[in-house]
Amino acid sequence: IAHLAVGGDQHEMVEALIASGTDFTARDEKGRTPFLLVESTAMLKAFVAHSIPTTDADHRGRTIWHYAAANNDVALLVALCASDPAQKQNMVAVNNKGSSPLDKALRHTDKLQRVHDPTGWAEPHAARYLLELGANLKLPAPYPRILSAVEWGELGLVEKLLEGGESPSATNEI
């Protein structure tokens with residue numbers, strides 16, 4: 001029931017469930033706790049106010065930072081940055097494929113174009129924001145970040161990644 005309330009952004013219901021002692025560590029079939037379904041800043045604030053852990057990961061190792069980054073959700077990333085007590089840990093968390101939140105933000109060019117703006121090209125807002133926050137470029141990436149930035153057609157991302165030590169001669173050959 002907690003998963004449905006959080007996924008439906010039902011604030012009063014979530015508050016009532018928290019007050020009643022509902023288990024917010026319960027996982028669904030994908031290994032997600034209710035926290036991983038948070039999509040609004042108001043819901044995030046409720047979870048943080050009640051000291052519900054922010055480091056949960058699903059069966060694939062994805063945290064809320066991975067989800068927000070992959071969906072180009074800068075508003076949620078800003079709220080996480082402002083209120084997540086485990087921000088540093090979550091920014092460097094890697095999923096089962098070795099992707100950090102920055103990697104997820106960079107790799108979703110095709111998905112974001114189709115989902116958010118089918119008439120034009122989506123902007124890499126989440127990737128820009130995570131780089132401004134100081135995303136750790138020393139973490140290994142499953143795909144060269146610089147190539148993802150080029151796929152976005154984003155000179156600013158390319159420059160930031162080069163400044164951070166990414167190789168300008170990276171290839172996508174494995």
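Just so we're clear, the structure is a prediction, and the values are computed from it rather than from any experiment.

1. Observations concerning the overall build of the protein
Across its full length, the protein holds eleven helices and zero strands. Going from the N terminus to the C terminus, the protein shows its helices and strands as α-α-α-α-α-α-α-α-α-α-α. In terms of overall dimensions, the protein is globule-like: its C-alpha atoms have a radius of gyration of 17 Å, near the 16 Å expected for 174 residues. C-alpha extents for the protein along the principal axes are approximately 55 × 35 × 30 Å. Expressed as a percentage of contacts within the protein between residues at least 6 apart in sequence, the contacts between residues at least 24 apart total 66%. For the protein, the computed accessible surface area is about 9100 Å², with 53% contributed by carbon and sulfur atoms. Placing the 16 positive and 22 negative side-chain charges of the protein at their respective mean positions leaves the two points 4 Å apart.

2. Comments concerning the packing of aromatic side chains
The way to describe two aromatic rings as a pair is by their centre distance and the angle between their planes. Under the counting rule described, the total for this entry stands at two aromatic pairs. Between Phe24 and Phe47, the ring centres sit 5.6 Å apart and the planes meet at 85 degrees, which makes this aromatic pair edge-to-face. Of this pair, Phe24 sits in the loop between helix 2 (11-19) and helix 3 (41-49) while Phe47 sits in helix 3, and the two are 23 residues apart along the sequence. Taking the relative accessible area as the measure of exposure, Phe24 reaches 7% and is therefore buried. Where Phe35 meets Phe47, the ring centres are 5.5 Å apart and the plane angle is 50 degrees; that geometry is what we call tilted. Taken together, the residues Phe35 in the loop between helix 2 and helix 3 and Phe47 in helix 3 connect sequence positions twelve residues apart.

3. A word on the pattern of salt bridges
The final tally for this structure, using the stated rule, is seven salt bridges. The residue Arg32 makes a salt bridge to Asp28 at a minimum N-O spacing of 2.7 Å. Between Asp58 and Arg62 there is a salt bridge whose closest N-O contact spans 2.7 Å.

4. Structural notes on the side chain of Asp28
Along the polypeptide, Asp28 turns up in the loop between helix 2 and helix 3. On the basis of relative accessible area, Asp28 is assigned to the buried category, the value being 16%. Within the structure, the side chain of Asp28 is placed 2.7 Å from the side chain of Arg32, a separation counted as a polar contact. Excluding residues within four positions of it along the chain, Asp28 makes contact with His3 and His59.

5. Topic: the nonpolar core
Phe24, Val38, Phe47 and Leu130 are the most contacted members of the largest nonpolar core, which totals 42 residues. If we ignore the near neighbours within four places in the chain, the residues touching Val38 are Val6, Met43, Leu44, Phe47, Ile64 and Leu76.

6. Looking at helix 3
For helix 3, every residue scored as buried is listed here: Met43, Leu44, Ala46 and Phe47. Axial view of helix 3: buried residues confined to an arc of 160 degrees, hence all on one face. Across helix 3 from its buried face, at more than 90 degrees, point the exposed residues Lys45 and Ala49. Each element contacted by the buried residues of helix 3 is listed here: helix 1 (2-7), helix 2 and helix 5 (74-83).

Thresholds, definitions, all that
Residues numbered from 1 in each chain as written. Predicted model: local features only at pLDDT ≥ 70, side-chain atom pairs only at ≥ 80, totals over all residues. Heavy atoms only, no water. Helix = DSSP H or I, 4+ residues; strand = E, 2+ residues; numbered from the N terminus. Rg over C-alpha atoms; globule rule 2.2 N^0.38 Å. Contact = heavy atoms within 4.5 Å. Areas by Shrake-Rupley, 256 points an atom, 1.4 Å probe, with all protein chains shown as cover. Lys, Arg positive; Asp, Glu negative; His and termini not counted. Charge placed at Lys NZ, Arg CZ, Asp CG, Glu CD. Phe/Tyr/Trp six-rings, centres within 6.5 Å; stacked < 30°, edge-to-face > 60°. Buried < 20%, exposed > 50% of the residue type's maximum accessible area, 1.4 Å probe, protein only. Salt bridge = Lys/Arg side-chain N within 4 Å of Asp/Glu carboxyl O. Polar contact = N/O pair within 3.5 Å; in protein donor to acceptor, adjacent residues only side chain to side chain. Core = buried A, V, L, I, M, F, W, Y, C linked by side-chain atoms within 4.5 Å. Arc of directions from axis to C-beta.

In short, shape yes, function no, at least from these values alone.
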